[in-house]
Amino acid sequence: MIACAMLEREARGVLAANERGDYTAPSSTHYPHQWLWDSAYVAIGLAHLDPRRAAREIDSLMAAQWANGMVPHMVFATHPGRRRGLDLGRLLWRSRLNPGAPRAARTSGITQPPVLAEAVWRVGTALDASDRDDFFGRNLPRLVQYHAWFYRERDPSGSGLVVSVHPWETGMDNSPVWTHYMRAHVPSTLADLSRRPRVRAGLRRLRGDTAGSAESERIDLEDGLRSISATRGLRRWRYGASGPPPPDVPQIQDVAVNSILIRANAILARIAAEIGASLPEGLQAAIHRAPAALMTLWDPGARLFFSRDASSQQLLRSATAASLLPLYTDGLPRDVAGTLAAHLRPGALFDAPFPVPTVPLNSSDFREVTYWTGPTWVNLNWTLVVALERAGDGEMATSLARRTIEMVSIGGIREYFSPTTGRGLGMPDFSWTAALVIDLIRRVR
Ligand code: 9WN
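For every chain, the first residue of the written sequence is number 1, and numbering continues from 1 along that sequence. For this predicted model, a pLDDT threshold of at least 70 governs which residues receive local features, and a threshold of 80 or more governs which side-chain atom pairs are given and counted, while totals over whole chains, interfaces and linings are taken from all residues. Hydrogens and water are ignored here; the side-chain numbers use all heavy atoms of the structure.

Let's talk about empty space enclosed by the protein
Phase 1: Grid spacing is 1 Å over the protein atoms alone, the probe is 1.4 Å, and a cavity is where that probe fits but cannot get out, while a pocket is an open set with protein on both sides within 12 Å along at least five of seven lines and lining residues have an atom within 4 Å of a point. Grid points are joined across faces, edges and corners, and a volume is the space filled by probe spheres set on the points. Scanning the model with the defined rule gives 3 cavities of 30 Å³ or more in all.
Phase 2: In this structure, the largest cavity occupies an estimated 80 Å³ of space.
Phase 3: Considering the residues around the largest cavity, the lining is formed by 16 residues, among which V177, D254, S307, T320 and A322 are closest to the centre.
Phase 4: Helix numbers and strand numbers start at the N terminus; a helix is a DSSP run of H or I with at least 4 residues, a strand a run of E with at least 2. Contributions of two or more residues to the lining of the largest cavity are made by helix 7 (176-185) and helix 11 (255-274).
Phase 5: When the residues that make up the lining of the largest cavity are grouped by side-chain class, the tally is 9 nonpolar, 6 polar and 1 charged. Residues are grouped as follows: Ala, Val, Leu, Ile, Met, Phe, Trp, Tyr, Cys and Pro are nonpolar; Asp, Glu, Lys and Arg are charged; all remaining types, including Gly, are polar.

Structure (structure tokens):
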């Protein structure tokens, strides 16, 4: 109890230090801008402390929504402050190539996992009754437009599953699923050049993400450059404004993004019901199709879900924590939900001294300290805690929540953690770790 009180005090301090007016920077040392799913998780934690600040966090992000409904994955800070290394930011994106990009804010040209409805619901229910109606009233149409954009622009054939076009859209930048795909499909002169020792040395000096943490903890330089090159294809496409995507734009039905969207659809319907509104018919039809479509990503042999290359229709069979996220959706067949939850039990595929590893410890892709290829991330643990609770597995949910709190007590309020030792990795004072640990502490009290 005392340990939890101390941790919560520290977490509150991080959220105070990272506040930047209407939003919270993910970390003061490296991430000065606003990111979509970071803000959603931060708002979920802030809802316990200061619901009005949490509402501003959501509103400031929504103010950068595109005319077509997309909510961008990044909104660039007007005064980002000093940061070591090159901050490619707005130079890289030039998102105004798309006429729907907002005039009042500079943003990226892609989105991120749509955790927004979950955040809007939790913030709204924490507000006073009068603020709540206004908050739901202004955010419902924004969310409707956002979800409608997903199904209209990212699932034009009506398959029930949306595609992601860049690894950053999944928020799990160097998950092996995407890394293997990108190496095989996305040519990058930059990445090729970086194999020359002198070029490599120069590029390493320009990196900003290795100032606050070791290079082994970050994305491999070549893979990072490939991601940067991938934005070129998106720019040529003007982020959807130039007809069908060119062939070098990835088209992946990502299992994490689709699971989070399906969960968000259910919450969207709940928000609409709360204020006596109804969802447009076309969107309702898409929402209805999605859960059965998600089941087409289930591999009964591997007993896991996998993302799929929408062009070749091949499943991308790398086991990652994303493979478990369908547990977060409504309507999964009971036996499938049971099979997924069993992967988290002691000795099972996703067990670890400090679970849940983003890649199983016995996988050839596993790297103990490297970003999304092994380390444990608090946002994914939080998602699985909520999923297990909703699946009726309260005991496992509480146990995972407790182990996550213990990990953060040991490792600090860091960006991610070694699943074998609990050592804190990546950036210090990381906002979503702070926010979600506050929520988890309240769940186990
Ligand atoms: C690119 C801010 C973001 C998170 C992502 C994480 C990382 C950005 C980066 O940081 O991505 O979007 O610079 O590598 O992968 O999940 O939202 O915390």
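Topic: helix 13 (residues 334-342)
Phase 1: Buried, partly exposed and exposed residues are distinguished by accessible area as a fraction of the type maximum, computed with a 1.4 Å probe on protein chains only: under 20%, between the cut-offs, and over 50%, respectively. Within helix 13, the full set of buried residues consists of V336, A337, T339, L340 and A341.
Phase 2: Note on contacts: a residue pair is in contact if any heavy atoms of the two residues lie within 4.5 Å. Contact partners of the buried residues in helix 13: strand 6 (298-299), strand 7 (304-305), helix 14 (378-390) and helix 15 (394-411).

Focus on the nonpolar core
Side chains of nonpolar character tend, in soluble globular proteins, to be buried together.
Phase 1: Buried Ala, Val, Leu, Ile, Met, Phe, Trp, Tyr and Cys residues that are joined via side-chain atoms within 4.5 Å together make up what is termed a nonpolar core. In terms of nonpolar packing, the biggest core is built from 134 residues, with W37, L116 and F305 touching the most fellow members.
Phase 2: Here this core gets 11 residues from one element, more than from any other, and that element is helix 11.
Phase 3: Among the nonpolar cores identified, the runner-up in size contains 8 residues, and V177, Y181, A230 and L316 belong to it.

A look at the layout of surface pockets
Phase 1: Counted as a void, the largest pocket has a volume near 930 Å³.
Phase 2: Lining the largest pocket are 40 residues; nearest its centre among them are H30, R83, W168, D209 and I228.
Phase 3: Looking at the lining of the largest pocket, the elements that each hand over two or more residues are helix 2 (36-49), helix 4 (89-93), helix 9 (197-206) and helix 10 (221-236).
Phase 4: Of all the elements, helix 10 adds the most residues to the lining of the largest pocket, at 5 residues.
Phase 5: Of the residues assigned to the lining of the largest pocket, the class counts are 23 nonpolar, 9 polar and 8 charged.

Some details on the side chain of T210
Phase 1: Along the chain, the position of T210 falls in the loop between helix 9 and helix 10.
Phase 2: Not counting residues within four places of it along the chain, the set of residues in contact with T210 comprises R84, R204, E215 and R218.

Overview of the site of the ligand
Phase 1: Near the ligand, the surroundings consist of 13 residues, among which D38, Q112, G171, D173 and Y371 are the closest.
Phase 2: Definition of a polar contact: a pair of N or O atoms within 3.5 Å, with one able to donate and the other able to accept a hydrogen when the atoms are protein atoms, and with sequence-neighbouring residues admitted only if both atoms are side-chain atoms. Within the side chain of D173, a nitrogen or oxygen atom sits 2.8 Å from an oxygen atom of the ligand.
Phase 3: Here the ligand loses 90% of its free accessible area of 420 Å² to cover by the protein chains.
Phase 4: By definition, a pocket or cavity contains a molecule when more than half of the molecule's atoms lie within 2 Å of the pocket's grid points. Cavity membership is defined here by more than half of the atoms lying within 2 Å of grid points; on that basis the ligand lies in the largest pocket.
Phase 5: A per-class count over the shell around the ligand returns 8 nonpolar, 3 polar and 2 charged. Near is defined per residue: the residue qualifies when any heavy atom it owns lies within 4 Å of the molecule or strand. Working definition of accessibility: Shrake-Rupley area with a 1.4 Å probe, residue cover restricted to the visible protein chains.

Brief notes about the sheet that holds strand 9 (residues 314-316)
Strand pairing in a sheet relies on backbone hydrogen bonds. The paired strands run either parallel or antiparallel.
Phase 1: Here, any two strands with at least 2 DSSP bridges between them count as paired. Here we have 3 strands laid out as an open sheet, ordered 5-8-9, and antiparallel in their pairing. Looking along the sheet, the strands with just one partner apiece sit at the ends: strand 5 (252-253) and strand 9.
Phase 2: Pairing analysis gives 2 bridges linking strand 5 to strand 8 (residues 307-309), with the strands arranged antiparallel. The residue bridging Q253 from the neighbouring strand is R308, located in strand 8.
Phase 3: Its contacts with the sheet place helix 7 against strand 5, strand 8 and strand 9, and it is angled at close to 10° to strand 8. The axes used here are C-alpha line fits, helices contributing only the stretch in contact, and every angle between their N-to-C directions lies in the interval 0 to 180 degrees.

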